[in-house]
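Geometric and topological summary
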Amino acid sequence: MNQQKTHNEQLSLANQSVANLKDELKDASYRLHYHFMAPAGWINDPNGLIQHNGIYHLFYQFNPYSFHWGPMHWGHATSTDLVHWNHEPVALAPSEAYEYDEAKSEMGCFSGSAVMNGDVMTLFYTGHLEGKENKEVQAIATSTDGIHFTKHPANPVISESPEGLSNEFRDPKVWKHGEFWYMVIGTAVDNDGAIALYKSSNLTEWEYVGIAAKSDGTQGDMWECPDLFPLGDKYVLITSPMNMDNGKSTVMTGSMDYEKGIFTPESQREIDYGIDFYAAQTFEDEKGRRILIAWMDFPFTEFPSKVDKWSGAMTIPRELTLGEDGIVRSYPVQELNALRDVHEHYDTLTLSKEDAYNLNSNKTFKHSYEIKCKWTLPENNEDGKVGLRLRQSEDGSEQTIVFYDPATNEVIVDTRNSGKLSHKAVNKAPLRTNSNEITLHVYVDTCSVEVFVNDGEATLSTRIYPELASNGIELYTEGTEAAAEYTDIWSLKNTRIS
């Protein structure tokens, strides 16, 4: 029988595989310009988001051996500005009996979080090994340099799910409140999604407090990637519910009672209404901002980038704030302005019914750009639509449409004609108030569109795969005249590191 490899040996194999695979991506046509991607292989959930001594750390679910989902490792990248990232060595590899079995395909170091305990960076993750009664346990790894991590001898620090909870029991998110550390873990109770709450004084010995929140029967049968944090004068719970009708990334705003261990929700909505947004995680940076990054894909869908032998990317980083209406708002972080390059500004453009204005007549803007525009429609207009046509082919057969429909008070991203490989979807974000004014802030990359509406009231994130020659950009009206009060467009620099 072969002796099981140590953690360091597994890390060495993973890093060597990355070095071998990344050369195959040099000619990959859909590699993104300014979104974070792994150097090779498969990437999904962001993990362990943290800033320490001015350095941002992004860990992520990673298969370093293939562009398909497989044995999960923790990839790692660092940044000083959330825009330019450096790839670091793989941080975690499956190696222990609670997470590794060479004969099993479903195993690994699943999602989790990071905290600083003094000068020690501590990663919390789920050890997953399919086929065991307690297939998911919680474990920790520590580092004093933020690069090289050692698994704790006390692992697993939580060895089974409490009685009455599902053995779907994963994705620990840890934070400190007062003198105690707290942890929430995604799970289920009687096929209703839920989060289990634990507390600890030392990060290795954990006391089960109870179920802090659970589904009302309509919110999915398991809550993945829970994140519970203070924002303004409220607490916010973000989850990724499995098997929920019309939902995939839920944000609830409410209150947290630490004495009772209960989160009480007061409102619920989607944190992002696009098809390609999942497993969002937040952290508080050294400026006191609550920053969110999510996986810019979705489980159980096709991954067209596999034709280029890679899979997965992250959203742009977003700052979360709590609006006066009690709703969580999401904005691109200010650091992204450093990407701006060539700029064109348009003062008021008045469009008649069934009109269009070409924003790329000189073909200045190719695959990566940012657009901000504000529309004003006639009072009491209920029939017309206004918006943008993006990544449009010369004959118009290929295009991604971003528009406002006042009849339904929704902003819609239509990808049904976004390219042969694209998901055919109509993504709809309902707005809270009806107005004859609408602002759109859009980030476009080689195979993605992210839309921010009305200063963060709603967002929609979607992957698209048009032909590379499809670069038309238009303002347009349908069924109404309207004015684009201002329009700004910037080309965005390519910061890709692989």
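Residues numbered from 1 in each chain as written. Predicted model: local features only at pLDDT ≥ 70, side-chain atom pairs only at ≥ 80, totals over all residues. Heavy atoms only, no water.

**Quick word on the overall build of the protein**
When helices and strands are counted, the protein shows one helix and 34 strands. For 498 residues, the compact-globule formula gives about 23 Å, and the C-alpha radius of gyration of the protein, at 23 Å, lands near that figure. In terms of principal-axis extent, the alpha carbons of the protein reach across some 70 × 50 × 40 Å. The buried share of the protein, reckoned over its 498 residues, is 62%. (Helix = DSSP H or I, 4+ residues; strand = E, 2+ residues; numbered from the N terminus. Rg over C-alpha atoms; globule rule 2.2 N^0.38 Å. Buried < 20%, exposed > 50% of the residue type's maximum accessible area, 1.4 Å probe, protein only.)

**Some thoughts on the side chain of Lys385**
Along the chain, the position of Lys385 falls in strand S26 (residues 385-392). This buried residue, Lys385, is left without a salt bridge; Glu478 holds the nearest opposite charge, at 4.0 Å. Those residues within four positions of Lys385 in sequence are excluded, and the remaining contacts are Phe403, Tyr404, Asp405, Tyr476, Thr477, Glu478 and Thr480. (Lys, Arg positive; Asp, Glu negative; His and termini not counted. Salt bridge = Lys/Arg side-chain N within 4 Å of Asp/Glu carboxyl O. Contact = heavy atoms within 4.5 Å.)

**A look at the environment of Thr150**
Note on placement: Thr150 falls in strand S8 (residues 150-151). Classification of Thr150 by relative accessible area gives exposed; the value is 52%. On a C-alpha basis, the gap between Thr150 and Thr122 in space is 9.5 Å, while along the polypeptide they are 28 residues apart. Setting aside chain neighbours within four positions, we find Thr150 in contact with Ile140, Ala141 and Thr142.

**Brief notes about the pairing of strand S31 (residues 448-453)**
Residues in a regular strand project their side chains so that they alternate between the two faces of the sheet. Most of S31 sits out of view: six of its six residues are buried. Residues Ser448, Glu450 and Phe452 line one face of S31 and the alternating positions Val449, Val451 and Val453 line the opposite face, and both faces are buried. Summarising the sheet, strand S30 (residues 437-445) and S31 pair through six bridges and their orientation is antiparallel. Bridge pairing links His441 to Phe452 in S31. Where S31 lies against strand S32 (residues 458-463), six bridges are found, and the strand directions are antiparallel. Of the residues in S32, the one forming a bridge with Val453 is Ala458. (Pairing = 2+ DSSP bridges.)

**Digging into the pairing of strand S1 (residues 41-52)**
Burial within S1 is extensive, with eleven of its twelve residues counted as buried. Sheet topology places S1 next to strand S19 (residues 310-311); two bridges connect them, and they run parallel. Within the sheet, the bridge partner assigned to Gly41 lies in S19 and is Trp310. The pairing of S1 with strand S2 (residues 55-63) spans seven bridges and is antiparallel. Each bridged residue has a counterpart across the sheet, and for Trp42 the counterpart in S2 is Asn63. Hairpin connection between S1 and S2: a loop of two residues separates the two successive antiparallel strands, and Asn53 in this loop has a positive phi of roughly 50°.

**Describing the sheet that holds strand S16 (residues 262-270)**
A sheet is described by the order of its strands in space; here four strands give the open sequence S13-S14-S15-S16, paired in antiparallel fashion. Edge positions in the open sheet fall to strand S13 (222-231) and S16, since each of these has one partner strand only. Neighbour to neighbour, the strand axes of the sheet diverge by 25° on average, direction disregarded. The pairing of S13 with strand S14 (residues 234-242) spans eight bridges and is classified as antiparallel. Bridging across to S14, Pro230 finds its partner in Tyr235. (Axes fitted to C-alpha atoms, helices over the stretch in contact; angles between N-to-C directions.)

**Side note on the sheet that holds S2**
Ordered in space as S4-S3-S2-S1-S19, the five strands form an open sheet in which the pairing is mixed. Looking at the sheet topology across the chains shown, the edges are occupied by strand S4 (85-87) and S19.

**A look at the packing of aromatic side chains**
Taken as a whole and assessed by the stated rule, the structure comprises 23 aromatic pairs. An angle of 25° between the planes, with centres 6.0 Å apart, marks the rings of Trp175 and Tyr182 as stacked. Exposure remark for Trp175: the relative accessible area of 11% places this residue in the buried category. Relative to Phe452, the ring of Tyr443 lies with its centre 6.3 Å away and its plane at 80°, an arrangement referred to as edge-to-face. What makes Tyr443 buried here is its relative accessible area of 1%. Every member of this aromatic cluster is reached through a ring pair, and the members are Trp42, Tyr278, Trp295, Phe298 and Phe303. Residue placement shows Arg340 over the ring face of Trp490; its charged tip is 3.8 Å from the ring centre. (Phe/Tyr/Trp six-rings, centres within 6.5 Å; stacked < 30°, edge-to-face > 60°. Lys NZ or Arg CZ within 6 Å of the ring centre and 35° of its normal.)

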